[in-house]
Amino acid sequence: MALVVAIDAGTTGVRSMAVDETGAEVAYAYRPFPQHYPGPGLVEHDADEIWEATAATLAELCGSLQDCTGPQAPVIAAIGITNQRETLVAWDRRSSEPLARALVWQDVRTATRCAELEAAGHLEEVRRLTGLVLSPYFSGTKAEWLLRDGGVPRTADLALGTVDSWLMWKLSDGAAFVTDPTNASRTLLYDLNAGEWSEPICDLLSVPMAALAEVRPSSGRFCLTADTTALGPGIAVSGVAGDQQAALFGQGCHQVGMAKNTYGTGSFVLMNVGDSCPSPVKGLLTTVAWDLGRGPVYALEGSIFATGAAVGWLTGILDGAADPAAVETLARSVDDSGGVIVVPALAGLGSPWWDPTARGAIMGLTFATQPAHIARATIESMALQTRDVIEAMIDGAGRDIAELRIDGGAATNDLLCAIQADQLGVAVSRPVVTETTALGAAMLAGLAEGVWSSPAEAASLWQLERRFEPEPQRADADELHGRWREALRRSLQWPGG
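Residues numbered from 1 in each chain as written. Predicted model: local features only at pLDDT ≥ 70, side-chain atom pairs only at ≥ 80, totals over all residues. Heavy atoms only, no water.

A.B. asks: What is the right way to read the sheet that holds strand 6 (residues 75-83) from this model?
C.D. replies: By definition, the strands of a sheet pair up through backbone hydrogen bonds, in either a parallel or an antiparallel sense. The six strands lie next to each other as 3-2-1-6-15-14, forming an open sheet whose pairing is mixed. In the strand order of this sheet, the two ends are held by strand 3 (25-32) and strand 14 (219-224), each with one partner. Sheet twist, expressed as the mean angle between neighbouring strand axes with direction ignored, is 25°. The strands that helix 1 (residues 47-64) touches are strand 1 (2-9), strand 2 (13-19) and strand 3; relative to strand 3, the one it contacts most, it runs at about 150°. In this fold helix 5 (residues 163-171) packs onto strand 1, strand 6, strand 14 and strand 15 (236-242), with an angle of close to 145° to the strand it touches most, strand 6. (Pairing = 2+ DSSP bridges. Helix = DSSP H or I, 4+ residues; strand = E, 2+ residues; numbered from the N terminus. Axes fitted to C-alpha atoms, helices over the stretch in contact; angles between N-to-C directions. Contact = heavy atoms within 4.5 Å.)

A.B. asks: Explain the pairing of strand 22 (residues 403-407) here, please?
C.D. replies: Within a regular beta strand, the side chains point alternately toward one face of the sheet and then the other, so they alternate between its two faces. Most of strand 22 is tucked away, with five of its five residues classed as buried. Residue alternation in strand 22 divides its side chains into two sets, E403, R405 and D407 and L404 and I406, and both sets are buried. Direction of pairing for strand 16 (residues 259-263) relative to strand 22: parallel, over a ladder of four bridges. Of the residues in strand 22, the one forming a bridge with K260 is R405. Looking at chain direction, strand 22 and strand 23 (residues 427-431) are connected through three bridges and run parallel. Considered in strand 23, the bridge of L404 is made with V428. Considered for its hand, the β-α-β crossover made up of strand 22, helix 12 (residues 414-424) and strand 23 is right-handed. (Buried < 20%, exposed > 50% of the residue type's maximum accessible area, 1.4 Å probe, protein only. Right-handed = clockwise from strand over helix to strand, strands pointing away.)

A.B. asks: In this structure, what is going on with the packing of helix 10 (residues 324-332) against helix 11 (residues 371-397)? I would like to understand it.
C.D. replies: In a pair of packed helices, the angle between the axes and the distance between the axes together describe the arrangement. One can describe the packing of helix 10 onto helix 11 by two numbers: an axis separation of 8 Å at closest approach and a directional angle of 115°. Relative to helix 11, the element helix 10 is oriented roughly perpendicular. The two elements helix 10 and helix 11 meet at a crossing, and its hand is left-handed. On the side of helix 10, the interface is formed by V327, E328, L330 and A331, while helix 11 contributes P371, A372, A375, R376 and I379. Among the residues making up the contact of helix 10 with helix 11, the classes are represented as seven nonpolar, no polar and two charged. (Parallel < 35°, antiparallel > 145°, perpendicular 65-115°, else oblique. Left-handed = near helix turned anticlockwise from the far one by under 90°. Nonpolar A, V, L, I, M, F, W, Y, C, P; charged D, E, K, R; others polar.)

A.B. asks: Sorry if this is basic, but what is going on with the nonpolar core here?
C.D. replies: Core analysis: the largest hydrophobic core is formed by 110 residues, its most contacted members being L160, L189, M393 and W452. It is helix 11 that contributes the most residues to this core, 11 residues altogether. Among residues more than four places away in sequence, those in contact with L189 are G140, W197, S198, I201, C202, L205, V207 and L212. In terms of nonpolar packing, the next biggest core, distinct from the first, is built from 39 residues, I7, A9, W51 and C62 among them. (Core = buried A, V, L, I, M, F, W, Y, C linked by side-chain atoms within 4.5 Å.)

A.B. asks: Please clarify how the side chain of N83 should be interpreted in this entry.
C.D. replies: With respect to the helices and strands, N83 occurs in strand 6. Ignoring sequence-local partners within four residues, the contact set of N83 consists of A9, V163, D164, N183, A241, G242 and D243.

A.B. asks: Looking at this structure, I do not really get helix 5. What am I missing?
C.D. replies: Residues that lie three or four places apart on an α-helix share one face, since the helix turns once every 3.6 residues. Of all nine residues that make up helix 5, nine are buried, and the element is covered over most of its length. Every buried residue of helix 5 is listed here: V163, D164, S165, W166, L167, M168, W169, K170 and L171.

A.B. asks: Mind showing me how you'd approach the pattern of salt bridges here?
C.D. replies: Two side chains with opposite charge may pair up if their charged atoms get near one another. By the definition in use, this model includes 30 salt bridges. Here R85 ties to E301 by a salt bridge, and the two come within 2.7 Å at their closest N and O atoms. Taken together, the residues R85 in the loop between strand 6 and strand 7 (88-92) and E301 in strand 19 (residues 296-304) connect sequence positions 216 residues apart. Both residues of the pair, R85 and E301, count as buried. In the salt-bridge network here, residues are joined through shared partners; they are R85, E86, R186, D243 and E301. (Salt bridge = Lys/Arg side-chain N within 4 Å of Asp/Glu carboxyl O.)

A.B. asks: I tried to follow the sheet that holds strand 19 on my own but got confused; where do I start?
C.D. replies: Ordered by their spatial adjacency, seven strands build an open sheet running 18-19-17-16-22-23-24, and the pairing between neighbours is mixed. Among the strands making up the open sheet, the edge pair consists of strand 18 (285-291) and strand 24 (464-468). Direction aside, neighbouring strands of the sheet carry axes that sit 30° apart on average.

A.B. asks: For this particular structure, what's the right way to read the packing of aromatic side chains?
C.D. replies: Centre distance and the angle of the planes are the two values used to describe a pair of aromatic rings. Applying the stated criterion across every chain, the model contains 11 aromatic pairs. A ring pair is formed by W105 and Y137, whose centres lie 6.0 Å apart and whose planes are at 70°; its orientation type is edge-to-face. Of this pair, W105 sits in the loop between strand 8 (102-103) and helix 2 (111-119) while Y137 sits in the loop between helix 3 (123-130) and helix 4 (140-148), and the two are 32 residues apart along the sequence. For W105, a relative accessible area of 17% puts it in the buried group. Assessed through its relative accessible area of 4%, Y137 is described here as buried. Each ring, one from F305 and one from W354, has its centre 5.8 Å from the other, and the planes form 75°; the classification is edge-to-face. Of this pair, F305 sits in the loop between strand 19 and helix 9 (308-315) while W354 sits in the loop between strand 20 (341-343) and strand 21 (361-363); the two residues are 49 residues apart in sequence, bridging distant segments of the chain. Three or more aromatic residues joined by ring pairs form one cluster here, namely W105, Y137, F138, F305 and W354. Residue placement shows R109 over the ring face of W145; its charged tip is 4.5 Å from the ring centre. We note R405 situated over the ring of W462; from NZ or CZ to the ring centre the distance is 3.7 Å. (Phe/Tyr/Trp six-rings, centres within 6.5 Å; stacked < 30°, edge-to-face > 60°. Lys NZ or Arg CZ within 6 Å of the ring centre and 35° of its normal.)

Below is the structure:
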């Protein structure tokens, strides 16, 4: 039995999953790793702790498979990697030691620098070359900070890489310093049209191009494992994609116009826009969806900062809502939100607003407001933010969507799914396997090693669990969206934000 192992290196932990030719999960392991918060707005990881968590999950996976090296063991045909995308690791290629803590995508220490670059007139060039915006979210200004303020020396052995590059370096015992276009396109240092690191942007940020990884197609052989984990040597790492692009691939969104949303701590909406790089779309990001070796496929992306995080925040302040499932139960106890609107701008607003000064708000409160109304309004806010992003995508791409495929922790919330379908006016489809990020990485690796013969065969592994159809009448949904937009307008550019 041929298996593909997917390593999903997320923001708070690492998941490793083995799937068979049908896409079914055969074994699974998870390890959290610590988060480091040295100050307000500062978020760091220890790259060694990420690697240790990865090695531990692979050892547990091997234990679940009974013996990865025995004569009766299943054959591990390939490894796929998916990862938190914009987090930046700096290490020394001679010693393989990290030179500083990794700066996490959530870290905002370079916000002032981004504002300086925008004020100096660099935004248009950045948008044109990279498809991104000037934001501390991305890796480029993190690299500049590490080299200028973080004590990382500029040497010939310097490596500046995303988490996928770090893991492949460790898996190969330093034999491969590589990445793929989906991760490269999230650094602020990659020219989307040229398909290579951007010399003008690297010069602007004083980032040495020699310190950046070689970029290879998302599906194809990156390296072979050394004897650094329980998997043993000689296994091909043949699929790599950033987490949201891997989810798009795992959702089978291989046709132009197909879209998915992952409801996690935040939400990330991606639409496949084909093999021609689109012009920048206001409020959205342009990114590489994947490259199967025949050139890149592109996606429009909307990044929403607080969806599941807003529900988590709510559980801490509402009696009778101890966990997200309890929030859904509480929200179902009322027919509507009683006029309440929650704007979950707890860390500013992402797409399509990109306003770091926005702040959260609860509006429409009366003496009749109950905790259940606030719970329902919080769930509604997840769907309303997604509608704003999807509408921006439809305008930017010039095409409608027929359905939205969903995954992530909150995708199991039936109330959210029903509200989302009503807000979009299209069906919302939930798959049987909601771990589509890991599945997408496995598909990319399996395609390269012949486990699946074509992208179409890989896409056929996607199976529908439930489809939520919208109500035919849109008046109530549009009225709610109108109230949302008014409340949101009042939360923007908050004084002192």
